[in-house]
Amino acid sequence: KQEVTQIPAALSVPEGENLVLNCSFTDSAIYNLQWFRQDPGKGLTSLLLIQSSQREQTSGRLNASLDKSSGRSTLYIAASQPGDSATYLCAVSKGGANSKLTFGKGITLSVRP
Amino acid sequence: GAVVSQHPSWVICKSGTSVKIECRSLDFQATTMFWYRQFPKQSLMLMATSNEGSKATYEQGVEKDKFLINHASLTLSTLTVTSAHPEDSSFYICSALTGASGANVLTFGAGSRLTVL
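What you are looking at is a predicted structure, and each value in this text was computed from that prediction instead of being measured. (Residues numbered from 1 in each chain as written. Chains lettered and ligands numbered in written order. Predicted model: local features only at pLDDT ≥ 70, side-chain atom pairs only at ≥ 80, totals over all residues. Heavy atoms only, no water.)

1. Observations concerning the overall build of chain A
Heads up, the rule is: Helix and strand assignments follow DSSP, with helices taken as H or I runs no shorter than four residues and strands as E runs no shorter than two, numbered in order from the N terminus. For a compact globule the rule gives 2.2 Å times the number of residues to the power 0.38, and the radius of gyration it is set against comes from C-alpha atoms. Method for areas: the Shrake-Rupley scheme with a 1.4 Å probe, in which residue coverage is limited to the protein chains shown.
Across its full length, chain A carries zero helices and 11 strands. Seen in sequence order, chain A has helices and strands lined up from the N terminus as β-β-β-β-β-β-β-β-β-β-β. Taken over the C-alpha trace, chain A has a radius of gyration of 14 Å; the compact-globule value for 113 residues is 13 Å, and the two agree within 12%. Projected onto its principal axes, the C-alpha coordinates of chain A cover approximately 45 × 30 × 20 Å. Counting every atom, chain A has about 5400 Å² of accessible surface; 48% of that belongs to carbon and sulfur.

Written as structure tokens, this is what we have:
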């Protein structure tokens, strides 16, 4: 059974700091990995999707890497801003007919002005 | 881009009543939708996979008679929480597969918060 772990559960940083959010998964047989952002009481916004054959994806100040063999992914946020404050979840999928996602519990990020 | 709409965004009901939550794909057809439940400070847990024109596939431990799922059209799936109790209070989120077959891209709705008194 796939398990996704995100540690720590919460993180507080000053504005402008570069930071790394970690995600680990137990079964390396994944189709892809996604990072999502969730604001309080809201749904999910997809940030980055990395296919299993890829090593990283970039979007603006965000960079996500994937090391499938070791079961790890990181989300790098450059020059953090107060508007980045949210919960960040990673999720993995086996893909194909079984496209359901297994989520981590998320990391709640607070960026202090 | 693809948009998934959920309605209502929040609902409060009395214990013992039934509540229906709708999930619509606004600008694409979705043969497969997924229903998740999220408790406070917890991860999203998949409840069931909704397939247009056929019965939903429920995850282990999810009561299919309590959480009725209907996917009668290519743009609408509904989740009905029957005889709701306070322990059913949660955040329910749906998602739909978008993109080409095998692309495995999911678009999520904004969620529906259910509070059972």
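2. Observations concerning the environment of Pro8 of chain A
Residue and element names in this part refer to chain A. Selection criterion: Relative accessibility thresholds used throughout: buried, under 20% of the residue-type maximum; exposed, over 50%; partly exposed, between the two (1.4 Å probe, protein chains only). Residue contacts are counted whenever heavy atoms from the two residues lie within 4.5 Å of one another.
Looking at the secondary structure, you find Pro8 in the loop between β1 (4–5) and β2 (10–14). Judged by relative accessible area, Pro8 falls into the partly exposed class, the value being 38%. For the pair Pro8 and Ser93, spaced 85 residues apart in sequence, the C-alpha separation works out to 22 Å. Apart from residues lying up to four places away in sequence, Pro8 is in contact with Gly106 and Ile107.

3. Observations regarding the pairing of strand β8 (residues 72–77) of chain A
All names here are of chain A. Applied cut-off: Strand pairing is defined by DSSP finding a minimum of two bridges between the two strands.
Here β8 shows one buried face, formed by Ser73, Leu75 and Ile77, and one open face, formed by Arg72, Thr74 and Tyr76. Looking at chain direction, strand β7 (residues 62–67) and β8 are connected through six bridges and run antiparallel. Across the sheet, residue Leu62 finds its bridge partner in β8, namely Ile77. Taken together, β7 and the strand that follows it, β8, pair antiparallel across an intervening segment of four residues, in which Gly71 is found at a positive phi of about 70 degrees.

4. Here's the deal with the sheet that holds strand β3 (residues 19–25) of chain B
All names here are of chain B. Stated formally: To get an axis, fit a line to the C-alpha atoms, keeping to the stretch in contact for a helix; angles then go from 0 to 180 degrees between the N-to-C directions.
The four strands lie next to each other as β1-β3-β8-β7, forming an open sheet whose pairing is antiparallel. Bordering the open sheet on either side are β1 (4–7) and β7 (67–73), each of which pairs with just one other strand. Strand-to-strand twist in this sheet, taken as the mean axis angle between neighbours without regard to direction, amounts to 15 degrees. As defined by bridge partners, β1 adjoins β3 across four bridges and the pair is classed as antiparallel.

5. Observations regarding the interface of chain B and chain A
Inclusion rule: By definition, the buried area sums, over both parts, the 1.4 Å-probe accessible area that each loses when the two are put together. For salt bridges, the criterion is a side-chain nitrogen of Lys or Arg within 4 Å of an Asp or Glu carboxyl oxygen. Whenever two N or O atoms come within 3.5 Å, that pair is a polar contact, provided that in protein one can donate a hydrogen and the other can accept it, and provided that, for residues adjacent in sequence, both atoms are side-chain atoms.
Facing 20 residues of chain B, the contacting portion of chain A comprises 20 residues. Summed over both sides, the interface of chain B with chain A buries roughly 1500 Å², with 53% coming from carbon and sulfur. Where chain B meets chain A, there are zero salt bridges. The interface formed by chain B and chain A contains five residue pairs in polar contact (both at pLDDT 80 or more).

6. Thoughts on the pattern of salt bridges
Side chains that carry opposite charge are capable of pairing whenever their charged atoms lie near each other. All names here are of chain A. Tallied over the entire structure, the rule returns five salt bridges over all chains. Note that Lys94 and Asp27 form a salt bridge whose closest N and O atoms lie 3.3 Å from each other. Here Lys94 is found in strand β9 (residues 86–95), whereas its partner Asp27 is found in the loop between β3 (19–25) and β4 (32–38), with 67 residues between them in sequence. Relative accessible area serves as the criterion here: at 27%, Asp27 is assigned to the partly exposed category.

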